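For reference, the chains in residue letters:
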Amino acid sequence: MISRREIKTHLNTPPRFDDMFLSLMAAPRLPKAMVKEIRRVVAIARKFNHSVVRPYALELDRKMQENPGFLPWDFVEKANEWGFYTMWIPKIFGGKGYSMPSLSYFMEEIGSACLAMANLIGVHYLGLASLSAAWNMKIMKRLCADVVDGEASRTPCLISLAITEPGAGTDVEEIELADRGNITCHAERVAGGYKLNGTKIFISNGHLSKWHIVIAYADLKKPSETTVSLAVKTGTPGFSFGRKERKMGQKGCPASELIFKDCFVPDELVLIDADQMSGFKRPVRESAMQMIHYVTAGTRAGVAAFAAGAARGAFEEALAFASQTRVEDKLLINHEWAQCLLAEMYKNYALSRLSYIESNYANGLYGSFRELQKKPMYYYYKLTPAGWLRKMFSSLMEKPAMTRIYRKMQMDGQTDAEILRTSGWGSLAKFAATDLGIKNCHLALEMMGQAGLRQDRRVEKILRDAKLLQIYEGTNQLNRLNLFNCLIAPDYPQAVVFDE
Ligand SMILES: Cc1cc2nc3c(=O)[nH]c(=O)nc-3n(C[C@H](O)[C@H](O)[C@H](O)COP(=O)(O)OP(=O)(O)OC[C@H]3O[C@@H](n4cnc5c(N)ncnc54)[C@H](O)[C@@H]3O)c2cc1C
């Protein structure tokens, strides 16, 4: 009926929707043991929700409202005790080596009970993702060792990511916009390192973190070509904390101001700079862009998982209300209009979940999860004892050649089409799921009347918390533009994106 040649021709006619086959393509390639691992992770998260998150979520929210200076060390210490800050650190760096897709399912679970607490754990992995994007093995080893030691000594060591500046939010999320933005965070080259000056704002977990991955620029007139990524430790001279934001939602997770005044960062804490980026097949500017896409393709799917949690949390509250409340002598759950609302909410939750799963498939096929999800690699790391892996790789990671080899493999190994596909799907998941999360909050409130507005019913908190998800990890407007840029525009040369 249709020849092979015709199939190829028709599938190659734009707009190409072959991305829709991501799950079909990825599923057979995935190691079966990953399913077992994900089930285990979900069960751990549910147990943690039951014993720690649910009993404390509303209390923490109230506490922060009454005393904005409070830092939720009590929760962070619990999460540290449960091992959550090392669970997704590779075994060669001393962590437990869980696979990256399982982190999304974990985040959905915690997010369904409290988004602020989900962020208190999740942002640490945003920091780690940015750390790993530079493929600087020696620094990765050092920071991961601190996190692992922090778990053993019960003194949590968290990592934050600092990009946003007072005059530049969206502009620092996209290399195309960086040169037009009002960027002021300056990394000046000096003997033996960089001198850092400037301010970062809205940095999640800032006040709680021991390490901060700071993105700065060597030439403020050409930020896109002079990006510098630095690891800065709390307590470094010239680095201090400013205010903690009083915000609408996710109150339990601090958003901090970081201030740098002539803060010296030695070469051994420079993750990557323009000099080190000049050895790849792409020019420096494109390499910087690739690194942003590399990180955000994973972390935006992570925010989508938070949002699936919000969509589910709102649905669960509405369902509980409908099954307990009588209207006109009949339980609400037996009114047709309520059944339609609940069906709509269930659908919204399911779609938000599918969006991050598809995005993870894209990363498994073409992006940051690719290497570790190949069956031989996955089983090698899973079955080899951690101590043995560390012994084998520990001294190797110190060698500059390892950093060079890993970087080259990762950076030059990814094609332009693969970068666009993973990034586009990260954006799709992010804005689709976060919009659906908000939608479910509105539907739950519609069903619950005055009860929904009460704090103890949780929905008003989920709505306040979920609203923030539409803003961080690139606003939803930016993510729509990025989807257009990555998945639609490449077939239409006449399309201009991020135009002045
Ligand atoms: C709770 C919370 C936690 C955060 N955590 C962190 C963190 O840990 N680390 C960190 O670095 N940052 C963090 N941020 C900052 C976040 O990344 C920024 O808020 C986000 O990038 C948007 O920047 P902005 O708020 O400055 O908005 P702006 O960039 O000022 O944008 C304002 C509006 O204009 C639109 N807009 C801007 N430029 C364009 C354009 N070119 N085309 C079309 N529309 C455009 C935006 O979509 C938005 O609607 C956090 C923010 C929040 C709210």
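Residues numbered from 1 in each chain as written. Predicted model: local features only at pLDDT ≥ 70, side-chain atom pairs only at ≥ 80, totals over all residues.

## Focus on the overall build of the chain
Counted only if it meets this: Numbering of helices and strands runs from the N terminus; a helix is a DSSP stretch of H or I covering at least four residues, while a strand is a stretch of E covering at least two. Restricting the calculation to C-alpha atoms gives the radius of gyration, and the globule rule supplies 2.2 Å times the number of residues raised to the power 0.38. Exposure criterion: with C-beta atoms placed from backbone coordinates, a residue whose C-beta has 20 or more other C-beta atoms within 10 Å is buried, one with 12 or fewer is exposed, and one in between is partly exposed. We call two residues in contact if the C-beta atoms placed from their backbones are at most 7 Å apart.
Secondary structure assignment for the chain yields 19 helices and 10 strands. Relative to its length of 500 residues, the chain is compact, with a C-alpha radius of gyration of 23 Å against a globular reference of 23 Å. Projected onto its principal axes, the C-alpha positions of the chain cover 80 × 70 × 55 Å. Looking at the 500 residues of the chain, the share that counts as buried comes to 51%. Within the chain, counting contacts between residues at least 6 apart in sequence, those at least 24 apart form 78% of the total.

## Examining the nonpolar core
The following threshold applies: To count as a nonpolar core, a set of buried Ala, Val, Leu, Ile, Met, Phe, Trp, Tyr and Cys residues must be joined through C-beta atoms within 7 Å.
By size, the foremost hydrophobic cluster in this structure holds 150 residues, and its most contacted members are Ile110, Leu230, Ala307, Ala314, Ala318 and Ala444. At 22 residues, helix 10 (residues 284-324) tops the list of elements feeding residues into this core. Every residue in contact with alanine 307, bar those within four places of it in the chain, is listed here: Ser352, Ala433, Thr434, Leu436, Gly437, Ala466 and Leu469.

## So, the site of the ligand
Using the following cut-off: Using a C-beta atom placed from the backbone, a residue is scored as near a molecule or strand whenever that atom is within 6 Å of it. Under the grouping applied here, Gly and all other residues not named as nonpolar or charged are polar, the nonpolar ones being Ala, Val, Leu, Ile, Met, Phe, Trp, Tyr, Cys and Pro and the charged ones Asp, Glu, Lys and Arg. Source of the domain bounds: an automatic or database domain assignment.
Around the ligand, a shell composed of 23 residues is seen, among which Thr164, Gly169, Thr170, Thr475 and Gln477 lie nearest. Those elements that place two or more of their residues in the shell around the ligand are strand 1 (159-162), strand 3 (193-204) and helix 19 (476-488). When the residues that make up the shell around the ligand are grouped by side-chain class, the tally is 13 nonpolar, nine polar and one charged. Viewed by domain, the shell around the ligand spans two of them, domain 2 (160-277) and domain 3 (284-491), each represented by three or more residues.

## Section: the domain arrangement of the chain
Structurally, the chain comprises domain 1 (27-157), domain 2 (160-277) and domain 3 (284-491). Here the C-alpha centre of domain 3 lies 25 Å away from the C-alpha centre of domain 2. The partner domain 3 presents 13 residues to the 12 residues of domain 2 that form the contact. Its residues assigned to classes, the side of domain 2 that touches domain 3 comprises four nonpolar, five polar and three charged.

## Topic: the pairing of strand 7 (residues 255-266)
Inclusion rule: In this scheme, strands are said to pair when DSSP sees at least two bridges between them.
Pairing of strand 3 with strand 7, which is carried by nine bridges, proceeds in the antiparallel orientation. In the sheet register, lysine 200 faces strand 7, and the bridge partner there is leucine 258. With four bridges joining them, strand 6 (residues 239-244) and strand 7 adopt antiparallel strand pairing. What sits directly across from serine 240, in strand 7, is isoleucine 259.

## Considerations on the packing of helix 11 (residues 336-366) against helix 16 (residues 416-448)
Which entries qualify depends on this criterion: For helices, the fitted axis covers only the stretch in contact; all axes are lines through C-alpha atoms, and the angles between them, taken along N-to-C directions, range from 0 to 180 degrees. Here is the rule for angles: anything less than 35 degrees is roughly parallel, anything more than 145 is roughly antiparallel, 65 through 115 is roughly perpendicular, and the remaining ranges are oblique. Crossing handedness: left-handed means the near helix sits turned counterclockwise from the far one by under a right angle, and right-handed means the same turn made clockwise.
The contact between helix 11 and helix 16 brings their axes to 9 Å, and the two run at 165 degrees. It follows from the interaxial angle that helix 11 and helix 16 lie roughly antiparallel. The two elements helix 11 and helix 16 meet at a crossing, and its hand is left-handed. The class makeup of the residues in the contact of helix 11 with helix 16 is 17 nonpolar, nine polar and six charged.

## Observations concerning helix 10
Note the following rule: Multiplying one less than the number of residues by 1.5 Å gives the expected span of a helix. Note that the bend at a residue is defined as the angle between axes fitted to the seven residues ending at it and the seven residues starting at it.
Compared with the 60 Å implied by 1.5 Å per residue over 41 residues, the 60 Å span of helix 10 between its first and last C-alpha is a close match. Its axis deflected by about 30 degrees at threonine 296, helix 10 carries its strongest bend there. Of all the 41 residues making up helix 10, 35 are buried; the element is thus mostly covered by neighbouring parts of the structure.

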